[in-house]
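# Coordinate analysis (summary)
Listed below, chain by chain, are the residues.
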Amino acid sequence: MKPFILLDPGHGGIIDGTYQTAGKRSPLWSNGTQLFEGEFNRAITQGISQALTLRGIENKIIVPELEDISLRIRASRANHLATQYPHHQCLLISVHANAGGGSGFEIYTSRGHTNSDIIADHITHAFTQVFPNKPLRSDYSDGDSDKERGFYMLRKTRMAAVLTENFFMDNEVECCLILMSPTGRQKIIDYHVKGILAWITDSEKRDLSV
Ligand SMILES: [Zn+2]
């Protein structure tokens, strides 16, 4: 089956200088800069989308607008798109930056052993290749409320789905050197794309073995 990748940039964007989501931002750093998570999430999903399109892989950003669209509407958009592409293998990736104190990368899937575990393994592996010296967090016991709400996208969508938490926006080093830097953003885009490409190759092998 051909792949169809759905990309979900978490939270809202910036409209006429006004960030659309309460919270979900870094502290104001001493150099006067600040990260707004929804802007970061959009930059990453746009980069992933462009890279996939260049490779001829069908994809769609499910929240193209800058308003903060509710999780209920996001999930229903994803499920509706999947019904319009019944002969495709759909995959949803929800992109976020982390907060709450810590460092590194986390990835979440829906509960149980599902097809989502396969894409999670591929993205995790790609992360360790692109950022060999950055922590891969596998202890999720300190999950905060954002993650609980974030799980909605994994619970309510009917395709393979993962949510990535890409570094900590309240960690000054990670925020300023990775999340707010063009090079850092490109590397984050790269491990998502590498993971997706590996998942597609894997899916093609599984198709052939059926
Ligand atoms: Zn978030």
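Preceding block: the structure.
Note that the structure is predicted; figures quoted are calculated from it, not measured.

## Quick look at the overall build of the protein
Summing up its helical and strand segments, the protein has 6 helices and 7 strands in all. Of the regular secondary structure in the protein, the N- to C-terminal order runs β-β-β-α-β-α-β-β-α-α-β-α-α. For a compact globule of 210 residues, the expected C-alpha radius of gyration is about 17 Å, and the protein comes in at 16 Å, within 12% of that figure. Projecting the C-alpha coordinates of the protein onto the three principal axes gives extents of approximately 55 × 35 × 35 Å. A total of 210 residues make up the protein; the buried ones form 50% of that total. Relative to all contacts within the protein whose residues are 6 or more apart in sequence, the contacts with residues 24 or more apart total 78%. Just so you have it, the protein exposes about 10,000 Å², and 53% of that area is on carbon and sulfur atoms.

## Things to note about the coordination of the zinc ion
Binding of the zinc ion to the protein goes through His 11 (NE2), Glu 37 (OE), Glu 37 (OE) and His 96 (ND1), at separations of 2.2 to 2.8 Å. One can describe the site at the zinc ion as irregular: its 4 donor atoms subtend angles covering 50 to 140° at the metal.

## Overview of empty space enclosed by the protein
Throughout the structure, instances matching the rule amount to 1 cavity of 30 Å³ or more. Taken together, Met 1, Pro 3, Gln 89, Trp 199, Ile 200, Ser 203 and Glu 204 form the lining of the largest cavity. Counting residues per element, the lining of the largest cavity draws most heavily on helix α6 (residues 182-209), which supplies 4 residues.

## Re the environment of Phe 167
By secondary structure assignment, the location of Phe 167 is in strand β7 (residues 160-168). Phe 167 has contacts with Ala 97, Asn 98, Gly 104, Phe 127, Phe 131, Lys 134, Glu 174, Ile 178, Leu 179, Ile 188 and Tyr 191, leaving out every residue within four places of it along the chain.

## Re the side chain of Ser 116
Turning to its location among the elements, Ser 116 is positioned in helix α3 (residues 116-130). With sequence-adjacent residues up to four places away left out, Ser 116 is seen in contact with Thr 109, Ser 110, Ala 160, Ala 161 and Val 162.

Quick notes on the rules
- Residues numbered from 1 in each chain as written.
- Predicted model: local features only at pLDDT ≥ 70, side-chain atom pairs only at ≥ 80, totals over all residues.
- Heavy atoms only, no water.
- Helix = DSSP H or I, 4+ residues; strand = E, 2+ residues; numbered from the N terminus.
- Rg over C-alpha atoms; globule rule 2.2 N^0.38 Å.
- Buried < 20%, exposed > 50% of the residue type's maximum accessible area, 1.4 Å probe, protein only.
- Contact = heavy atoms within 4.5 Å.
- Areas by Shrake-Rupley, 256 points an atom, 1.4 Å probe, with all protein chains shown as cover.
- Donors = N, O, S within 2.8 Å, 3.2 Å for Na, K, Ca; no water.
- Tetrahedral: all angles 85-135°; square planar, octahedral: opposite > 155°, others 65-115°.
- 1 Å grid on protein atoms, 1.4 Å probe; cavity = no way out; pocket = protein on both sides within 12 Å on 5 of 7 lines; lining within 4 Å.
- Points joined across faces, edges and corners; volume = space filled by probe spheres on them.

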